Amino acid sequence: MINTMMERITSIQTDNDFSGSVLVKESQKVLIDSSFGYANRAEKINNKAGTRYGIASGCKLFTAIAICQLVEERKLSFDSKLSDCLDVKFPHFHEHVTVHHLLTHTSGVPDYFDEEVMDDFEELWIKTPMYHIRTLQDFLPLFQNEPMKNPPGEIFRYNNSGYILLGLIVEQASGLSFTDYVQEHIFKKVGMFDSGYFAFDSLPEKTALGYIDHSNGTWKTNMYSLPAKGGSDGGAYVTVSDMARLWESLMNHQILSKEMTDRLLTAHVQTKENSFYGYGIWIDKEDVDIVKYHVMGYDPGVSFHSAYYPEDSRIVVVCSNKSSGAYKIMTAIEEEWATVINR
């Protein structure tokens, strides 16, 4: 099975010029650990198992974990109103927006990147240069004075602004910057020593540059396409092995208590048929059975998919420093696994 799976991954890589790293584990055993393409094209530096990749919205899970930790410490609750746990004025926001609403994308607050209005992330930086976006406070002018999209609790609407607000809540409740909190209370606790929130203009060693390919064969990096430093809605860098450590620690209740882990992994809201959202995590079901817990992230120059399959404790991590590619690799791995199970 492993050989067949690896052949499919290699075939997809050849056809689509996949650039990134792939890790597949089952019950602590590494089945696949392979890397392709360049972390730095100009210098021809190869991607490796220890390469750090941006994961875009994949790190909303870190934000949700941080909130759950603070709830465990009784510094806030899931029913806390936004107005009660954040000293920031939002003149048009509904007074009953809660932490739970923000975690489940049901708050109805305006999204600073509204896909109904724009489809190019770079449009955001025309009026607000991306190099000014380095803290969570820097995001506020992008949505703070906008009207609500809908009343809280009415509908699931994927929302980056909601997770910026959650990060600000973490800062106010903990007294730490959001990125310092995650580094200290999640990354260090798990052993994710190669992961972090890095600024584009001071990237550490072994960090893959994100690449945007043009139809004429030219390319550019994504350093002018994204905020200078990521935050609570996305933008952390991880290695594939660090992400696997996070799954293992989460499922073994090393980051949160069992009760709180179960709360985070509860299917709080349905997003489409067989698809649900917990706190910072997507959940796929078949009838009442959980098929997988997964996170994903897409930005210019970034594509990321990772999942935990509870039936066999399997973990898959696919990181890419291109705008697409991770999904096809992930799908191929799942299809191969399904073929083996159905034989």
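Cut-offs used in this document
Residues numbered from 1 in each chain as written. Predicted model: local features only at pLDDT ≥ 70, side-chain atom pairs only at ≥ 80, totals over all residues. Heavy atoms only, no water. Helix = DSSP H or I, 4+ residues; strand = E, 2+ residues; numbered from the N terminus. Salt bridge = Lys/Arg side-chain N within 4 Å of Asp/Glu carboxyl O. Buried < 20%, exposed > 50% of the residue type's maximum accessible area, 1.4 Å probe, protein only. Core = buried A, V, L, I, M, F, W, Y, C linked by side-chain atoms within 4.5 Å. Contact = heavy atoms within 4.5 Å. Polar contact = N/O pair within 3.5 Å; in protein donor to acceptor, adjacent residues only side chain to side chain. Patch = residues over 30% accessible without salt bridge, like charges linked within 9 Å, V, L, I, M, F, W, Y side chains within 5 Å. Areas by Shrake-Rupley, 256 points an atom, 1.4 Å probe, with all protein chains shown as cover. Lys, Arg positive; Asp, Glu negative; His and termini not counted. Charge placed at Lys NZ, Arg CZ, Asp CG, Glu CD. Pairing = 2+ DSSP bridges.

Turning our eyes to something else, we now look at the environment of Glu259. Residue position: Glu259 is located in helix α8 (residues 258-264). C-alpha of Glu259 to C-alpha of Thr98: the two residues are 161 residues apart in sequence and 20 Å apart in space.

What follows covers the pattern of salt bridges. All chains considered together, the criterion is met by 13 salt bridges. The shortest N-O distance in the salt bridge between Asp17 and Lys322 comes to 3.8 Å. Placement of the pair is Asp17 in the loop between α1 (2-16) and β1 (20-26) and Lys322 in the loop between β14 (314-320) and α9 (326-342), with a sequence separation of 305 residues. For Lys292, the salt bridge goes to Glu334, with nearest N and O atoms at 2.7 Å. In this pair, Lys292 is assigned in strand β12 (residues 289-299) and Glu334 in helix α9, connecting sequence segments 42 residues apart. With a relative accessible area of 12%, Lys292 lands in the buried category. Relative accessible area serves as the criterion here: at 24%, Glu334 is assigned to the partly exposed category. Where salt bridges share partners, they join Asp17, Arg41, Asp213 and Lys322 into one cluster.

Another aspect to go through is the nonpolar core. Within the largest apolar cluster, 89 residues are counted, with the highest numbers of intra-cluster contacts made by Phe62, Ile67, Leu165, Ile169, Leu246 and Leu264. In terms of residue count, helix α2 (residues 60-72) provides more of this core than any other element does, nine residues in total. Excluding residues within four positions of it along the chain, Ile169 makes contact with Ile67, Leu76, Leu82, Cys85, Leu86, Val99 and Leu102. Counting 19 residues, the second-largest nonpolar core is a separate cluster that includes Phe18, Val22, Val318 and Met330.

Looking now at the side chain of Ser232. As for its position among the elements, Ser232 is in the loop between β7 (219-221) and β8 (237-238). A relative accessible area of 0% means that Ser232 is categorised as buried. Of note is the side chain of Ser232, whose polar atom sits 2.7 Å from the backbone oxygen of Tyr163. Those residues in contact with Ser232 that lie beyond four places of it in its chain are Lys60, Thr63, Leu136, Tyr163, Ile164, Gly167 and Phe178.

Here we come to a negative patch on the surface. Taken together, the side chains of Glu286, Asp287, Asp289 and Glu311 present a region of like negative charge at the surface. Considering the arrangement of structural elements, one finds Glu311 in the loop between β13 (302-309) and β14. On the basis of relative accessible area, Glu311 is assigned to the exposed category, the value being 78%.

Right, let's talk about the pairing of β12 for a bit. Alignment of strand β11 (residues 282-286) against β12, held across five bridges, turns out to be antiparallel. Of the residues in β12, the one forming a bridge with Glu286 is Asp289. Taken together, β11 and the strand that follows it, β12, pair antiparallel across an intervening segment of two residues, in which Asp287 is found at a positive phi of about 60°. Sheet topology places β12 next to β13; seven bridges connect them, and they run antiparallel. Its bridge partner lying in β13, Asp299 is registered against Val302.

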